[in-house]
Amino acid sequence: MSQAVGAGADTLVQRARPATLGLVLAKHGVLMPLLFGPPLVWAVIEGAHALALALAGPLGLGLALSAAVWRIALPRDLRGVEAMATIALLFLFAAALSVPAFMVLGLPPAAALFEAMSAMTTTGLSMARDPDSWPFAAHVLRAWMQWCGGLAMATAVLALVLGPGPVAREMGKVGIDDRNRLTSARSQARALLGAYTLITLIFAGAIGLAIGHAGEGLVLALSAVSTGGFAPRSDSLASYDTLGQSLVILASVAGAVSLLAYVQVLNKGPVWLVRSPSVRRVALCCAICATLLGGAIFALGPGVPFGATYLNLLSAMSTAGFSVSAMPAAPALLLLFVGVMVVGGDRGSTAGGLKIWRIAIAARAVRHALTLPRLPDRAVSPLRYRGDTISDGFLVMLVGLTALYTLTAAAIWTLLLSLGYPPLPALFDTISTLSTVGLGTGVIDPDLPPAAQLVLTAGMWLGRLEFIAVLVLILPRTWATRP
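Below: a short report on this structure. (Residues numbered from 1 in each chain as written. Predicted model: local features only at pLDDT ≥ 70, side-chain atom pairs only at ≥ 80, totals over all residues. Heavy atoms only, no water.)

### Focus: the state of the cysteines
Counted only if it meets this: What counts as a disulfide here is a pair of cysteine sulfur atoms lying within 2.5 Å.
If you walk through the whole model with that rule in mind, you get 0 disulfides. This cysteine, Cys285, is not joined by any disulfide, and Cys289 carries the nearest cysteine sulfur, 6.4 Å off.

### Concerning empty space enclosed by the protein
Unfilled space is identified by rolling a water-sized probe across the atoms. Put simply, the rule is: Cavity means a closed set of points on a 1 Å grid over the protein atoms alone, one where a 1.4 Å probe fits but cannot get out, pocket means an open set with protein on both sides within 12 Å along at least 5 of 7 lines, and lining means a residue has an atom within 4 Å of a point. Grid points are joined across faces, edges and corners, and a volume is the space filled by probe spheres set on the points. The nonpolar class holds Ala, Val, Leu, Ile, Met, Phe, Trp, Tyr, Cys and Pro. Asp, Glu, Lys and Arg form the charged class, and all remaining residues, Gly among them, are polar.
A complete count under the given rule lists 1 cavity of 30 Å³ or more for this structure. The volume enclosed by the largest cavity comes to roughly 40 Å³. Around the largest cavity sit Gly353, Leu354, Leu401, Tyr405, Leu434, Ser435, Gly463, Glu466 and Phe467, which together line it. Of the residues in the lining of the largest cavity, the class split is 5 nonpolar, 3 polar and 1 charged.

### Points about helix H22 (residues 450–464)
Applicable threshold: Elements are defined by DSSP. Helices are runs of H or I of four residues or more, strands are runs of E of two residues or more, and each kind is numbered from the N terminus. In this analysis, the expected span of each helix is defined as 1.5 Å times one less than the number of residues it contains. When accessible area is computed with a 1.4 Å probe and restricted to protein chains, residues below 20% of their type maximum are described as buried, those above 50% as exposed, and intermediate ones as partly exposed.
The end-to-end C-alpha separation of H22 is 21 Å, in line with the 21 Å expected for 15 residues at 1.5 Å each. Those residues of H22 that sit buried are Ala452, Gln453, Leu456, Thr457, Gly459, Met460, Trp461, Leu462, Gly463 and Arg464. Immediately beyond the C-terminal end of H22, within one or two residues, lies Glu466, with a positive phi of roughly 55°.

### Structural notes on the side chain of Ser236
Where we set the bar: Between two residues, a contact is recorded if the distance between any of their heavy atoms is within 4.5 Å.
Mapped onto the secondary structure, Ser236 falls in the loop between helix H12 (214–225) and helix H13 (242–255). With a relative accessible area of 10%, Ser236 lands in the buried category. Each residue touching Ser236, except ones within four places of it in the same chain, is listed here: Ala231, Phe322 and Ser323.

### Regarding the side chain of Ser226
As a reminder, the rule being used: Whenever two N or O atoms come within 3.5 Å, that pair is a polar contact, provided that in protein one can donate a hydrogen and the other can accept it, and provided that, for residues adjacent in sequence, both atoms are side-chain atoms.
Tracing the chain through its elements places Ser226 in the loop between H12 and H13. Overall, the relative accessible area of 0% leaves Ser226 in the buried class. A distance of 2.7 Å separates the side chain of Ser226 from the backbone oxygen of Leu222, its partner in a polar contact. The residues contacting Ser226, other than those within four sequence positions of it, are Thr122, Gln146, Trp147, Gly150, Tyr196 and Thr350.

### Brief notes about the nonpolar core
The condition is simple: Residue types Ala, Val, Leu, Ile, Met, Phe, Trp, Tyr and Cys, when buried and joined through side-chain atoms within 4.5 Å, form a set referred to as a nonpolar core.
Within the largest apolar cluster, 135 residues are counted, with the highest numbers of intra-cluster contacts made by Leu51, Phe322 and Leu465. Considering every element that reaches this core, the biggest residue donor is helix H8 (residues 136–162), with 13 residues. In contact with Leu51, not counting residues within four places along its chain, are Ala43, Ala101, Val104, Pro135, Ala137, Ala138 and Leu141. Core analysis: the second largest hydrophobic core is formed by 7 residues, Trp357, Ile361, Leu383 and Phe394 among them.

### Quick look at a nonpolar patch on the surface
Here is the rule we go by: Like-charged residues within 9 Å of one another, or nonpolar side chains (Val, Leu, Ile, Met, Phe, Trp, Tyr) within 5 Å, are grouped into patches, provided each residue has over 30% relative accessible area and no salt bridge. Areas reported as accessible are Shrake-Rupley estimates using a 1.4 Å probe. Residue values count occlusion only from the protein chains shown. When a carboxyl oxygen of Asp or Glu lies within 4 Å of a side-chain nitrogen of Lys or Arg, that pair is called a salt bridge.
Together, Val30, Leu31 and Leu34 line one region of the surface with nonpolar side chains, adding up to about 240 Å² of accessible area. Turning to its location among the elements, Leu31 is positioned in helix H3 (residues 31–46).

Shown next as structure tokens:
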């Protein structure tokens, strides 16, 4: 009976159509000029001609692909599995196409792919030995790739996880006019892009004024708002003053808030910055981080600076990965950082990790499970979060995502242990990779074997796309045709 049910369900499963996926990817070739154009222009102005030439190749390829399918209409029945596969492949191809640019900067092939994937996935881990010697256009390239990757991932999560209907309702709750205006996917995309761009420009101006360098301010803002973590200096934020450091970390925390919150602020006024559930969740996490850090420092005794460590902890919570000082040596503090990195930012933000809202629902599920035994046998008591009923499908997805995250972390941690690295630093850098954070204890560096670099590159790709999209792409049954 179960086999028959399984076979019946299998006939309903949608498969990806290679021709359709190829057409969709070719249509997205127009994104390559947007991704590589600004850094190319900066490289030309700066005189970094080798870097400009390396960026011109993928830009031209993207334009050629887009022109070749310009007159071919996209199918109206694009399937969810095809959308997921498209997102996964776009991140992979964008990283691969930027490899020549990073090789021009002196990185070997495996390290160049690692650097490119770290940029696209807004991670911030680096294989560069001397980034201070790079032309400034190279820092623009990394930061711009992070900014584009953060926007792409945030909007993709909103579209695939929430769906267009719920997104439109979140964007326009005040009245029927707002709801109608933001119904279409194009209007939603414009609203999200506008909010994302505005907060980036605000922080770019503020950081530039604070540090006295407009170019570095722009690069830091691009990386911070996308929770990317690449800085134009090899010591990250350590050589900036406290005001500059604080503004960059504040921009990172702002990036950990759902983009929908900023759309609501633009539509309904500043009061929504306080009323937004996402802002409240992130603010609560900041307060919890301060409390836990204060307790840990009190237990450990003097010697650990609260201010610098708290800025690093907020950077870890937002999954930005900037650092104002070296990671603390105390195991208790390292474990606190690990826990914060696992959680990450909120839903619909540019941050990585399992996401605050998922952890909140998981906590509510535990509380619900403890309540069920006290209810009558015939009682109907569905799990709810903020008034919405949580479906069984979501809980299955939550369990699956948590299991995949744990198994992948165990595999990468085991690899690093086999290379002779200490257990806790290896665990720290493993979680930093999967949650696309970018903080490190020195385990992930240019001396890592190329094979391990490739494994960690795959880990960043998996973690940024929350595993499911990549697994959907590589599973044979995604492409199988029914007899």
